[in-house]
Amino acid sequence: MVFTTRLSFGNALCTCWLLAFLFLFYWQRQQQQKSVDDVAAAGDTVHHYSTLVSNSSHAVVKFDKPYKAAAAAPPPLEIDNASSNPSSTVLVVAARPAPPRVSATTIIRTTTTTTTTTLHRRHVFDLSEFGAVGDGKTVNTEAFEAAVAAVKAVEDDGGGKIVVGPGLWLTAPFNVTSHMTLFLCQHASIVGVQAESLWPVISALPSYGRGRELPGPRYGSLIHGQYLEDFVITGENGSIDGQGAWWWRQHKLNKLKYTRGHLIELLWSSNIEISNVTLRNSPFWTVHPYDCTNVTIRGVTILAPLHSPNTDGIDPDSCRNVLVENCYISVGDDAVAIKSGWNQYGIKYARPCVNITIRNVFAHSLVSAGISIGSEMSGGVEDVVVDRVHIWGSRRGVRIKTSTGRGGYVKNISYTNLTLHNVKMGIVIKTDYGDHPDSGFDPQAFPQVANISFHGVFGSKVMYPVVMAGSQEVFITGIEIRNMNVSTTNMKKNAFQCSYLQGKVVGHVFPSPCKELVRQIKVTRQTTHIVTQ
């Protein structure tokens, strides 16, 4: 009888605690929603950041917590107008005058990078009002151009939003303008035509000197913009499909005259946002912001077949203040690749990629890496934070790649909370990644690789957890690995493969690190005691 009474009392106590917990949870959610409503009532723009959940071959995007935009970004740099020849199929992209070189001492590192884009526009235009037909057969290039022209006409009055409704909206490449939002409704898809003659040919970028694949100019992107201020692509998870299969076949058969075009390329622009859309089947790199300031890419799904050639996901190139977060990327090359120009052309252009944050990203690349830096890094790459990234089913996890002739530098790079699963090589730094644009490169232009930290690396089924290969000419310095636990596919004596580098390991690091890394085992106020492996 006593036992039964105690059991009943225990059950009642547990029930009370459960009810109290449910009440507290409900009250917190109500307060959270009230705060969002208050912000909206005050007239501020309220965004939401998403949690990505892997579901076989696609991602399910669930919106949960409110996120309020930070203070306004600094004004854009002054730029020159691009020159073009309207009577020719070749668009001449003018190089912009070099701004003052950014010193490492003048950079203020921020943990959050946001844009000052406006999601709510004063003027709204429906694409169908311009004669567009979303039947997947009608080519709607003129309708897109007319809608963009309508936005340009009101850019001094807050700009405008182009709404793309449900349907398949076939189009050739088109240019976008400033103070514009391209809004893709649910079940809306912008689809690129596969007629090569409808894709314009544009000049090579000044920091590359030629097309990335072939000498000379290159094909333009499906969505192209330059010298933009305040441009947004967003929606209700509508999609942009480059129909890249035709381009991939032609590339493999060596039948293309020029380097393939990107899906989205934005040049010399500021305050850019791409959010809540799906990007598919790019002919070449998917998103290529070039020499841009204040770029946010959030809640974006990027998909391409795992063996599609060079279909990088997101490639910030000579950019400043970039935030990539809450994205799902499964492509045929690097999911994210940070760049800054190619050999002597990148050295001359001298625009580093600075202040880049990549967080909460799911990455899948069967033939390449989840997160890469380089190999085109001749203008320099610094102040990069990669946090809470999950990489699976990939050839490499995170990679830095460069070579003699690149020049430039990769420094002050922080990787935290990395998760690797079923990856051949986990952490890779290679200094012999070849290919040069032409014979004019300087063989004495040695890149600098320094101050690279890895804090919290966890994984399973990784064949080679760490591969870091410097050289006599390119000695890697300032490596720090702190708290690492990665299981390998089979236990090897030398799970770490290291050469020509200097650094240390701190805390629990498994598998056992290479002898080039010094283990810091005890820290006191007066001194640090170290032993060599």
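Further up the page is the structure itself.
First, a word on what this report is: a plain description of the structure on this page. Predicted model, so just to flag it, every value in this text is computed and none were measured.

### Details of the overall build of the protein chain
- For the protein chain, the count of helices and strands is four helices and 34 strands.
- Per-residue burial for the protein chain yields a buried fraction of 53% across its 533 residues.
- Look at the contacts in the protein chain between residues 6 or more apart in sequence, and 74% of them connect residues 24 or more apart.
- Total accessible area computed for the protein chain in this model is approximately 23,400 Å², and 56% of it derives from carbon and sulfur atoms.

### Considering the side chain of Lys 339
- Structurally, Lys 339 can be placed in the loop between strand E23 (336-338) and helix H4 (343-349).
- We classify Lys 339 as buried; its relative accessible area is 3%.
- There is a polar contact of 2.6 Å between the side chain of Lys 339 and the side chain of Glu 376.
- For Lys 339, the contacting residues outside a window of four places in its chain are Tyr 208, Trp 285, Asp 312, Asp 315, Pro 316, Asp 317, Ser 318, Cys 353, Gly 374, Ser 375 and Glu 376.

### Here's the deal with the sheet that holds strand E16 (residues 264-267)
- Pairing within the open sheet is parallel, and its four strands lie in the order E8-E13-E16-E19. Each having just a single partner strand, strand E8 (174-175) and strand E19 (287-290) make up the two edges of the open sheet.
- Two strands pair when backbone bridges link them, and strand E13 (residues 223-226) and E16 are joined in this way by four bridges, in the parallel orientation. Within E16, the position partnered with Gly 225 by the bridge is Leu 266.

### Let's talk about the environment of Arg 249
- With respect to the helices and strands, the residue Arg 249 is situated in helix H3 (residues 245-252).
- Residues Arg 249 and Ser 308 lie 59 residues apart in sequence; the distance between their C-alpha atoms is 9.3 Å.

### Overview of the pairing of strand E28 (residues 409-430)
- Pairing of strand E26 (residues 381-392) with E28, which is carried by ten bridges, proceeds in the parallel orientation. Across the sheet, the residue bridging to Val 381 is Val 410, located in E28.
- Strand direction decides the pairing type here: strand E27 (residues 396-401) and E28, joined by five bridges, are parallel. Paired with Lys 401 across the strands is Lys 430, a residue of E28.

### Comments concerning the nonpolar core
- Judged by nonpolar contacts, the single largest core of 106 residues is most densely connected at Ile 233, Ile 240, Ile 358, Tyr 415 and Ile 481.
- With eight residues, E28 is the largest single contributor of residues to this core.
- Tyr 208, Tyr 227, Leu 267 and Tyr 349 belong to the second largest nonpolar core, which has ten residues in total.

### Examining the environment of Arg 519
- Considering the arrangement of structural elements, one finds Arg 519 in strand E33 (residues 517-523).
- Of the residues examined, Arg 519 reaches a relative accessible area of 18% and is grouped as buried.
- A distance of 3.1 Å separates a polar side-chain atom of Arg 519 from the backbone oxygen of Gly 507.

### Concerning helix H2 (residues 141-153)
- If you check H2, its first and last C-alpha atoms are 18 Å apart, about what 13 residues at 1.5 Å a residue would give, namely 18 Å.
- Looking at H2, one finds that the buried residues are Thr 141, Ala 143, Phe 144, Ala 147, Val 148, Ala 150 and Val 151.

### A word on the pattern of salt bridges
- A full pass over the atoms with the stated rule returns 19 salt bridges.
- Residues Arg 122 and Asp 157 are paired through a salt bridge, measuring 3.1 Å at the closest nitrogen-oxygen approach. Remark: Asp 157 occurs in the loop between H2 and strand E6 (160-164) and Arg 122 occurs in the loop between strand E3 (90-91) and strand E4 (123-126); sequence separation between them is 35 residues.
- Residue Asp 157 is classed as partly exposed on the basis of its relative accessible area of 35%.

### Focus: the packing of aromatic side chains
- The final tally for this structure, using the stated rule, is 13 aromatic pairs.
- Between Tyr 227 and Trp 268, the ring centres sit 5.2 Å apart and the planes meet at 20°, which makes this aromatic pair stacked. Of this pair, Tyr 227 sits in the loop between E13 and strand E14 (229-235) while Trp 268 sits in the loop between E16 and strand E17 (270-275), placing them 41 residues apart in sequence. Of the two residues, Tyr 227 and Trp 268, neither departs from the other in class, the shared state being buried.
- Connected via pairs of aromatic rings, a cluster forms that spans Trp 199, Tyr 219, Trp 246, Trp 247 and Tyr 258.
- Across the ring face of Phe 183, the terminal group of Lys 161 is positioned such that the distance to the ring centre comes to 5.0 Å.

### Observations concerning the side chain of Ser 189
- With respect to the secondary-structure elements, Ser 189 resides in strand E10 (residues 188-192).
- What makes Ser 189 buried here is its relative accessible area of 8%.
- In this structure the side chain of Ser 189 is engaged in a polar contact, spanning 3.0 Å, whose partner is the side chain of Ser 239.
- Beyond its immediate stretch of four places on either side in the chain, Ser 189 contacts Gly 167, Leu 168, Trp 169, Ser 239 and Asp 241.

### Considerations on the state of the cysteines
- Evaluation of the coordinates by the stated rule reveals one disulfide.
- Linked covalently through their sulfurs, Cys 498 and Cys 514 form a disulfide whose S-S length is 2.1 Å. The sign of the S-S torsion, about -85°, decides the handedness of the disulfide formed by Cys 498 and Cys 514: left-handed. Remark: Cys 514 occurs in the loop between strand E32 (501-510) and E33 and Cys 498 occurs in strand E31 (residues 496-499); sequence separation between them is 16 residues.
- Here Cys 353 stays unpaired: no disulfide links it, and the sulfur of Cys 319, its closest cysteine neighbor, is 5.2 Å away.
- A relative accessible area of 0% means that Cys 353 is categorised as buried.

### So, the environment of Leu 198
- Mapped onto the secondary structure, Leu 198 falls in the loop between E10 and strand E11 (201-202).
- A sequence separation of 26 residues divides Leu 198 from Ala 172, and the C-alpha atoms of the two residues are 5.9 Å apart.
- In this structure Leu 198 touches Ala 172, Pro 173 and Val 193, once residues within four positions along its chain are discounted.

The rules we used
- Residues numbered from 1 in each chain as written.
- Predicted model: local features only at pLDDT ≥ 70, side-chain atom pairs only at ≥ 80, totals over all residues.
- Heavy atoms only, no water.
- Helix = DSSP H or I, 4+ residues; strand = E, 2+ residues; numbered from the N terminus.
- Buried < 20%, exposed > 50% of the residue type's maximum accessible area, 1.4 Å probe, protein only.
- Contact = heavy atoms within 4.5 Å.
- Areas by Shrake-Rupley, 256 points an atom, 1.4 Å probe, with all protein chains shown as cover.
- Polar contact = N/O pair within 3.5 Å; in protein donor to acceptor, adjacent residues only side chain to side chain.
- Pairing = 2+ DSSP bridges.
- Core = buried A, V, L, I, M, F, W, Y, C linked by side-chain atoms within 4.5 Å.
- Expected span 1.5 Å × (residues − 1).
- Salt bridge = Lys/Arg side-chain N within 4 Å of Asp/Glu carboxyl O.
- Phe/Tyr/Trp six-rings, centres within 6.5 Å; stacked < 30°, edge-to-face > 60°.
- Lys NZ or Arg CZ within 6 Å of the ring centre and 35° of its normal.
- Disulfide = S-S within 2.5 Å.

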